[in-house]
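Listed below are the residues making up each chain.
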Amino acid sequence: MSDFRRNCIEQKLLVGTFAAIPHPVAIEVTAASGVDFLCIDWEHSQIGRERIEDLIRAADVHRVPAMVRVPGHAAEDIAAVLDAGAAGVLVPRVSTAEQARSVVKATRYPPLGARGVGPGRAAAYGYRIPDYLAKANAELVLAIQVETAEGLANIAEIAAVDGVDLIFIGPGDLSVSIDAMGPAGKDRLDAAIRTITQAALSAGRAVGIFRPSADDVGAWSEAGISFFILASDTMFLGVSLAAGVDAAKQGKHAPWNKES
């Protein structure tokens, strides 16, 4: 799992999903599916801080890196998930270079940042603090989410901030912020995504994006995006169950089964 950051910054194709179900069983099932990583969604799911450590622990069973999308920019939230053993953080709504610098500061130990040293799970509850300090800055992934009109306008300055590993595009919020929702706004949204992608790549940053399905992953990969969060465990559960129910009902009324 120590290769996670290297694979990110070297822009290898990585496909993961959001983990929104607050139970270790869901994490283990998802981790066993072949995903390259998981992103535990603390921002938009009913997952509490105390539960996050158990979810990371469940991903560790299958040796799958688990990063966490934190609720905002608060340094204490970032520190909490990293101390719990997260492989990295995804920080939402980063719209300025100043905000990007503040989250870099929160994720890195001195001299690169100002993260506090604590005896959390990542440091074996205090037993291996020196070992953890020696590798944390080099192994933890910092992904910042650009998803506003302000972030789009400032993307060159944001991408230039040292310490940012990956620029992650949030198409949903971005489409609302730039008034590009729905089919009518598709071309405008796609253009904004490409603008963010090119600026990030020009600055030497990897680029990621959320996609609700795999339908256009190939096209966005050709555009230079290498890090994909594909739907979520809840979305996959709903779609798969609906498809199964539909198939079962169709089978019940198939011509060879009319009498049932």
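Data block above holds the structure.
Conventions adopted
- Residues numbered from 1 in each chain as written.
- Predicted model: local features only at pLDDT ≥ 70, side-chain atom pairs only at ≥ 80, totals over all residues.
- Heavy atoms only, no water.
- Buried < 20%, exposed > 50% of the residue type's maximum accessible area, 1.4 Å probe, protein only.
- Helix = DSSP H or I, 4+ residues; strand = E, 2+ residues; numbered from the N terminus.
- Arc of directions from axis to C-beta.
- Contact = heavy atoms within 4.5 Å.
- Phe/Tyr/Trp six-rings, centres within 6.5 Å; stacked < 30°, edge-to-face > 60°.
- Pairing = 2+ DSSP bridges.
- Axes fitted to C-alpha atoms, helices over the stretch in contact; angles between N-to-C directions.
- Disulfide = S-S within 2.5 Å.
- Salt bridge = Lys/Arg side-chain N within 4 Å of Asp/Glu carboxyl O.
- Polar contact = N/O pair within 3.5 Å; in protein donor to acceptor, adjacent residues only side chain to side chain.

Draft legend 1. Structural view of helix H6 (residues 129-139). Those residues of H6 not exposed but buried are Tyr 132, Ala 136 and Asn 137. Buried residues of H6 fall within an arc of 110° about the axis and therefore sit on the same side. Opposite the buried face of H6, by more than 90 degrees, sit the exposed residues Pro 130, Asp 131, Ala 134 and Ala 138. For H6, the elements touching its buried residues are helix H1 (4-9), helix H4 (75-83) and helix H5 (97-107).

Draft legend 2. Geometry of the packing of aromatic side chains. All chains considered together, the criterion is met by five aromatic pairs. Ring geometry for Phe 37 against Phe 227: centres 4.4 Å apart, planes inclined by 20°, an arrangement best described as stacked. Within this pair, whereas Phe 37 is found in strand E2 (residues 37-41), its partner Phe 227 is found in strand E8 (residues 227-232), the two being separated by 190 residues in sequence. For the pair Phe 37 and Phe 227, a shared accessibility class is recorded, and that class is buried. Taken together, the ring pairs connect Phe 4, Phe 37, Phe 168 and Phe 227 into an aromatic cluster.

Draft legend 3. Looking closely at the sheet that holds E8. Strand order in the closed barrel formed by eight strands is E1-E2-E3-E4-E5-E6-E7-E8, and the pairing between neighbours is parallel. For this sheet, the mean inter-axis angle between neighbouring strands, taken without regard to orientation, is 25°. Two strands pair when backbone bridges link them, and strand E1 (residues 14-19) and E2 are joined in this way by four bridges, in the parallel orientation. Looking at the pairing, Phe 18 lines up with Cys 39 of E2. Where helix H10 (residues 186-202) meets the sheet, its contacts fall on strand E5 (141-146), strand E6 (166-169) and strand E7 (206-211), and the angle it forms with E6 comes to roughly 175°.

Draft legend 4. Summary view of the state of the cysteines. Scanning the entire structure with this criterion turns up zero disulfides. Lacking any disulfide linkage, Cys 8 is separated from the closest cysteine sulfur, that of Cys 39, by 11 Å. By relative accessible area, Cys 39 is classed as buried at 0%.

Draft legend 5. Local environment of the pattern of salt bridges. Scanning the model with the defined rule gives 16 salt bridges in all. Here Arg 6 and Glu 10 are joined by a salt bridge, their closest N and O atoms 3.6 Å apart. The class of Arg 6 is partly exposed, set by a relative accessible area of 35%. The class of Glu 10 is partly exposed, set by a relative accessible area of 45%. The salt bridge involving Asp 54 is made with Arg 51; its shortest N-O contact spans 3.8 Å.

Draft legend 6. Region of interest: the side chain of Ser 232. Among the structural elements, Ser 232 can be located in strand E8. Within the local environment of Ser 232, its side chain forms a polar contact with the side chain of Thr 234, the two groups lying 2.9 Å apart. Excluding residues that lie within four positions of it along the chain, Ser 232 makes contacts with Thr 17 and Phe 18.

Draft legend 7. Layout of helix H2 (residues 24-31). When we look at burial in H2, the residues that qualify are Pro 24, Ala 26, Ile 27, Thr 30 and Ala 31. Down the axis of H2, the buried side of the element spans an arc of 160°, and every buried residue falls inside it.

Draft legend 8. View of the side chain of Arg 121. Here Arg 121 shows up in the loop between H5 and H6. Here Arg 121 falls in the buried class, since its relative accessible area comes to 18%. A polar side-chain atom of Arg 121 sits 3.0 Å from the main-chain carbonyl oxygen of Ala 84.

Draft legend 9. Spatial organisation of the environment of Gly 72. Within the secondary structure, Gly 72 sits in the loop between strand E3 (66-69) and H4. Taking relative accessible area as the criterion, Gly 72 reaches 10% and is therefore assigned buried. Spatially, the C-alpha atom of Gly 72 lies 19 Å from that of Leu 38, the residues being 34 residues apart in sequence. For Gly 72, the residues in contact, after removing those within four places along its chain, are Val 91, Pro 92 and Arg 93.

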